[in-house]
Amino acid sequence: VEVVVEVAQVVESFFFSSFPPPPLLPPFPLLFFLFSFFHLLCVCVMTSTLSSKGNIPSQEVGSLIGHTGGVMVAKFNGNGRYCLTGGKDRLVKLWNPHTQLLIKTYKGHGFEVTDVEASSDNASFVSCGADKMVIMWDVTTGHIIRKFRAHGNRVNCVVLNHDATVVTTGSYDSTVKIWDLKSNMREPLQVLAEAKDSITSIQSTDTEMLVSSVDGHTRVYDLRMGQMHDDQHSDAVTCARFSNDHNCLLVSTLDSTVRLLDKENGSMLAKYVGHTNKQFQVKSTLSYDDAHVWSGSEDGHIFCWDLVRSCRWIAMNQPCFLFTNCQHLLSLVNASVLADLKACDTVVSSISYHPKKVVTLLYPCLCKSFIVPLFFPYSALPCHCKHGSGRGKSVENTTTRPSRVEKK
């Protein structure tokens, strides 16, 4: 089908370049009618191609039960063999997702845990929470290696560098702080205070750091050159991350839109719509091979888009003589959803992919976490349900809500 579409594009481009659209009634109505019909046929072929679902997860095969409150975060470790979860019950739990086995529980936070990050050697991990604390843990013993008060308000996100010697935190107080874990300093190495509202996500590489905030900005810091590149968006940014080739940015905003941006000039390469994200922090991610875009939704669904095909057709802007609103039809093709899965009853707040394998899909929620069979990488998606687990285990009676994005 893709070969047919390629041929159709070449022929269509030749027709439209040879016979541009007339301002009034064309002199050869039948000829232009045939051209328009051919154009519409190409659009239909593209739509059918993009709607091909392939191997999409559809069946629950397992669950991780252990938290007594809403699960705020779920992430895989460096090699993808285990996963860490943190919740409103102030606990961090280590799991084997392959056997659904709870390995260890870590206690130390005074309020809900908002983020976790494992080191590359899997010997330690860091967690942060609404108690304004950042804690570094020893995985094997469960002892606290280091604990410090990082911010003046709740800490929303935390990341470790590759050597686990530097930790970066983002907070509701609008600051990003960089800490040296090798020294006993109580003060941060550096404070980044360019944001005007709450920090929602941080991602760092060896040379760059990407920060998003509720003020509608994404900021890329070049650590070698000491420069910052600032992109402004139409609404509050709930999540931003690098593509795996580090050439693009995937940005989620509160207008129920996920955008793919060019990192160098900030131009929009693709736009993905269909999910709902207007009040709470909903994170999106890319598959490990950058083939698909995945996002949670406030209605409890999980959405998947094809990244390459959406980029491929987004540049099309050819006229259509039969329909004056043909460009809107093409925009529907660009926003085609490959998968729409019902995950839970409330918000699916984030997704975390397995870093290496193409096996299945995993997501946790307030009362349970499912592993959905799929020829795609593992993913961990926290959500916030209030129903029973289906195994006779009860959950807390109070309704648990995810993190609401409030502008200052």
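Within every chain, residues take consecutive numbers counted from 1 along the sequence as written. Only residues with pLDDT of at least 70 are given local features in this predicted model, and only at 80 or more are side-chain atom pairs given and counted; all residues enter the totals for whole chains, interfaces and linings. Only hydrogens and water are set aside when side-chain values are computed; all heavy atoms of the structure are taken into account.

Regarding the pattern of salt bridges
A side chain of one charge can pair with a side chain of the opposite charge when the charged atoms of the two come close.
Then step 1. In the sections that follow, a salt bridge refers to a side-chain nitrogen of Lys or Arg positioned within 4 Å of a carboxyl oxygen of Asp or Glu. According to the stated counting rule, one finds eight salt bridges in the structure shown.
Then step 2. Residue Lys88 is joined to Glu112 by a salt bridge in which the shortest nitrogen-to-oxygen separation is 2.9 Å. Here Glu112 lies in the loop between strand S4 (101-107) and strand S5 (113-118) and Lys88 lies in the loop between strand S2 (83-87) and strand S3 (91-96), a separation of 24 residues in the sequence.
Then step 3. Given a relative accessible area of 16%, Glu112 falls into the buried group.
Then step 4. Overlapping salt bridges bring together Lys75, Asp115 and Glu117 as one network. Helix numbers and strand numbers start at the N terminus; a helix is a DSSP run of H or I with at least 4 residues, a strand a run of E with at least 2. Each residue is assigned to one of three classes by its accessible area relative to the maximum for its type, calculated with a 1.4 Å probe on protein chains only: buried under 20%, partly exposed between the two thresholds, exposed over 50%.

Section: the sheet that holds strand S22 (residues 292-295)
Within a sheet, each strand pairs with its neighbour through backbone hydrogen bonds, oriented either parallel or antiparallel.
Then step 1. Strands were regarded as paired on the criterion that DSSP finds at least two bridges between them. Taken in spatial order, the four strands line up as S21-S22-S23-S24 in an open sheet, and their pairing is antiparallel. Every other strand in the sheet has two partners, leaving strand S21 (284-286) and strand S24 (339-342) as the edge strands with one partner each. Mean inter-strand twist for the sheet, computed between neighbouring axes without regard to direction, equals 15 degrees.
Then step 2. Two strands pair when backbone bridges link them, and strand S23 (residues 301-306) and S24 are joined in this way by four bridges, in the antiparallel orientation. Opposite Ile302, over in S24, you have Leu341 as the bridge partner. Helix axes are fitted to C-alpha atoms over the stretch in contact, other axes to C-alpha atoms as well, and angles between N-to-C directions run from 0 to 180 degrees.

Side note on the state of the cysteines
Then step 1. When two cysteine sulfur atoms lie within 2.5 Å, the pair is treated as a disulfide. Applying the stated criterion across every chain yields a total of zero disulfides.
Then step 2. Considering cysteine sulfurs only, Cys128 is the nearest to Cys157, which forms no disulfide, with 6.7 Å between them.

Observations regarding the pairing of strand S17 (residues 237-242)
Then step 1. In terms of burial, S17 is largely enclosed, as six of its six residues are buried.
Then step 2. The pairing of S17 with strand S18 (residues 248-253) spans five bridges and is antiparallel. Its bridge partner lying in S18, Arg241 is registered against Leu250.
Then step 3. Between S17 and S18, which pair antiparallel in sequence order, lie five residues; one of them, His246, sits at a positive phi of approximately 65 degrees.

Let's talk about the layout of surface pockets
Then step 1. Buriedness for pockets is judged along seven lines, at least five of which must meet protein on both sides within 12 Å for an open set on the 1 Å grid over protein atoms alone, while cavities are sets there where a 1.4 Å probe fits but cannot get out, and lining residues have an atom within 4 Å of a point. Grid points are joined across faces, edges and corners, and a volume is the space filled by probe spheres set on the points. Taken as a whole, the second largest pocket spans an internal volume of roughly 200 Å³.
Then step 2. Lining of the second largest pocket is provided by Val159, Leu160, Asn161, His162, Val166, Thr168, Ile178, Ser204, Thr205, Asp206, Met209 and Leu223.
Then step 3. Here the lining of the second largest pocket is built from residues that sort into six nonpolar, five polar and one charged. Residue polarity follows a fixed list, in which Ala, Val, Leu, Ile, Met, Phe, Trp, Tyr, Cys and Pro are nonpolar, Asp, Glu, Lys and Arg are charged, and the others, Gly among them, are polar.

Some details on the side chain of Asn96
Then step 1. Summarising the element assignment, Asn96 is placed in strand S3.
Then step 2. In this description, contact between two residues means that some pair of their heavy atoms is separated by no more than 4.5 Å. Excluding residues that lie within four positions of it along the chain, Asn96 makes contacts with Arg81, Tyr82, Leu101 and Ile103.

Some words on empty space enclosed by the protein
Then step 1. Counted under the stated rule, the structure contains two cavities of 30 Å³ or more.
Then step 2. Taken together, Val176, Leu192, Glu194, Ala195, Ile199, Val211, Arg219 and Tyr221 make up the full set of residues lining the second largest cavity.
Then step 3. Class assignment for the residues of the lining of the second largest cavity results in six nonpolar, no polar and two charged.

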